[in-house]
Amino acid sequence: MMRVAHYHGPDDLRVESVDEPTLSETAVRIDVAACGICGTDLHEYESGPDLTPNEGEPHPLTGVSLPVPLGHEFSGTVSAVGDKVTAFSVGDAVTVNPAVVCNDCRYCAEGRHNLCESVANYGLSAQSGGFAEHAVVDAENVVALPDSIPVEYGALVEPFAVGLHAVRRSGLQAGDTAVVFGSGPIGLAIVQAARAAGATDVFVSEPRAARRKIATEVGATTTLDPTEIDAIEMIRSATNGGVDVAFEAVGIQPTYEAAIESTKRGGQITAVGISTNEVELVPNDLVVVERTINGSNGYLSGPRAAEEFEAAVRYLETGEFDVEAMITGRVALDDIVNGGFEALLDPESNHVKILVEP
Ligand SMILES: [Zn+2]
Ligand SMILES: [Zn+2]
């Protein structure tokens, strides 16, 4: 038997004892060292099921429906390997690319597996998740960690991969200036990926003081509180008319507007904030000034799953990605609801990333 946190529905996350997951011949079993609580988990907890498949509507790829094991940002040590697995051995420190893809749709065929029409994720819509003592995942989704970093740091590789992918999608070049709207975990990952890619100035617009402080620690050159000062005005005047690249990591009207208007003519806006909110924009803010908006979703998956994950791991090794600054709390699995989810949802919270350590 093992302990695992199951999501049953809104405000209903239960730590339960279940049978050990069975190991298929292409899978590995991981003793979880740490699993980060993500904004996606909080969204499911508050107003799901959204990315988790509701009862009676099993996921087409995995057949899983509520209750599901939660937690998709995890790392640990391999404790068993399936008969056909050659890439990993018992004792290896690893992290997980949680995206399970169909390898069958048009987008998988084009090599854009993160756009897979029937993607599932460990920890949302598959048999295993990271808020558990053990997880069983396909070896294709497993990425090795070096000995030089603590194994629990591997739990941050997934959000860093999101930031890295966003910077790659933006086309940001060495010497560019950038602004990031929103410095939650993904915004902070983008700041670090942008600096690693050679951005000279990285502005961060964020109302919470504790998050602005961490943004500065991890490489933001200027932080500002958009509830206190006019972010657009300030950024435009500091950059001779606007930054080269803006990242929108919130997903609401004011940050979209600000992201567009604080970007130079001909500049690039990359949208990362997951949101179903309606946002209005003025066509001429794009058309006559030739600004471009694109979206960025997750990271490379499928056969190339390791690519951006390995790059993120390298940045952890070299210190370009600062894990300690991101981790604001660690809780035991049994304390996941009060010490983890509720703590992060507290509007007064100064937390960024809480690790659950089963
Ligand atoms: Zn996440
Ligand atoms: Zn597909």
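It should be emphasised that the depicted structure is a prediction, and the values quoted were computed from it without experimental measurement.

Chemist: When you look at the overall build of the chain in this model, what are you seeing that I'm missing?
Modeler: Counting its regular elements, the chain contains 10 helices and 18 strands. Summarising its shape, the C-alpha atoms of the chain cover approximately 60 × 45 × 45 Å along the three principal directions. Looking at the 358 residues of the chain, the share that counts as buried comes to 53%. Sequence-distant contacts in the chain: of pairs separated by 6 or more residues, those separated by 24 or more amount to 70%. Summed over its atoms, the accessible surface of the chain is roughly 15,100 Å², and 45% of this surface lies on carbon and sulfur atoms.

Chemist: Would you mind going over the coordination of the zinc ion (ligand 2) with me for this structure?
Modeler: Four donors placed tetrahedrally around a metal ideally meet at 109.5 degrees, and six donors placed octahedrally ideally meet at 90 or 180 degrees. Distances from the zinc ion (ligand 2) to its protein donors, Cys102 (SG), Cys105 (SG), Cys108 (SG) and Cys116 (SG), fall within 2.3 to 2.4 Å. Classification of the site at the zinc ion (ligand 2) as tetrahedral follows from its four donor atoms and the range of 102 to 117° in their angles at the metal. Read in sequence order, the donor residues for the zinc ion (ligand 2) give the motif C-x2-C-x2-C-x7-C. A residue pair is termed long-range when its members are at least 10 positions apart, and Cys105 in the loop between β7 (99-100) and α2 (106-109) and Cys116 in the loop between α2 and β8 (120-121) qualify at 11 residues. Given the relative accessible area of 8%, Cys105 is considered buried. For Cys116, a relative accessible area of 6% corresponds to the buried category.

Chemist: How should I be thinking about the domain arrangement of the chain in this particular structure?
Modeler: How big an interface is tends to be reported as the loss of accessible area on association of its parts. When the domains of the chain are assigned, the result is domain 1 (2-144 + 322-357) and domain 2 (160-295). Each partner contributes to the interface: domain 1 provides 13 residues, whereas domain 2 provides 14 residues. Both faces combined, the contact of domain 1 with domain 2 buries some 1,000 Å², and carbon together with sulfur accounts for 59% of it. On the surface where domain 1 and domain 2 come into contact, there are zero salt bridges. Remark: the boundary between domain 1 and domain 2 carries three residue pairs in polar contact (both at pLDDT 80 or more). Ranked by residues supplied to the side of domain 1 that touches domain 2, first place goes to helix α9 (residues 323-326) with three residues.

Chemist: Looking at this structure, I do not really get the packing of aromatic side chains. What am I missing?
Modeler: Each aromatic ring pair is specified by the distance between its two centres and by the angle formed by the two planes. In the structure shown here, the tally under the stated rule is five aromatic pairs. Where Phe160 meets Phe321, the ring centres are 4.3 Å apart and the plane angle is 10°; that geometry is what we call stacked. Of this pair, Phe160 sits in helix α3 (residues 157-170) while Phe321 sits in the loop between α8 (306-318) and α9, placing them 161 residues apart in sequence. Given a relative accessible area of 0%, Phe160 falls into the buried group. Overall, Phe321 belongs to the buried group, its relative accessible area being 2%. Ring geometry for Tyr315 and Phe321: centres 4.9 Å apart, planes at 50°, overall tilted. Put simply, the rings of Tyr45, Phe131 and Phe341 pair up and form one aromatic cluster.

Quick notes on the rules
- Numbers given to residues run from 1 along each chain, matching the order in which its sequence is written.
- Chains carry letters from A onward and ligands carry numbers from 1 onward, assigned in written order.
- Restriction of local features to residues with pLDDT of at least 70 applies here, the model being predicted, together with a cutoff of 80 or more for giving and counting side-chain atom pairs; totals for whole chains, interfaces and linings are based on all residues.
- Side-chain figures throughout are based on the complete set of non-hydrogen atoms in the structure, without hydrogens or water.
- Runs of E in the DSSP output that reach at least two residues are strands. Runs of H or I that reach at least four are helices, and both are numbered from the N terminus.
- Three exposure classes are used, based on accessible area relative to the maximum for each residue type with a 1.4 Å probe and protein chains only: buried under 20%, partly exposed in between, and exposed over 50%.
- In what follows, residue pairs with any heavy atoms lying within 4.5 Å of each other are defined as contacts.
- Residue exposure ignores everything except the shown protein chains as possible cover, and the areas themselves are Shrake-Rupley values with a 1.4 Å probe.
- Only nitrogen, oxygen and sulfur atoms qualify as donors, and only when within 2.8 Å of the metal (3.2 Å in the case of Na, K and Ca); with water excluded, sites may look incomplete.
- Under this scheme a four-donor centre is tetrahedral when all angles range from 85 to 135 degrees, a four-donor centre is square planar and a six-donor centre octahedral when opposite donors are above 155 degrees with the rest from 65 to 115, and any other centre is irregular.
- These domain limits were set by an automatic method or by a database of domain assignments.
- By definition, the buried area sums, over both parts, the 1.4 Å-probe accessible area that each loses when the two are put together.
- One side-chain nitrogen of Lys or Arg within 4 Å of one carboxyl oxygen of Asp or Glu is enough to make a salt bridge.
- Side-chain atoms alone can form a polar contact between residues adjacent in sequence; in general such a contact is a pair of N or O atoms within 3.5 Å, and within protein one must be able to donate a hydrogen while the other accepts it.
- Side-chain rings of Phe, Tyr and Trp (the six-membered ring for Trp) are treated as a pair once their centres are within 6.5 Å; stacked means planes under 30 degrees apart, edge-to-face means over 60, and tilted covers the remaining angles.

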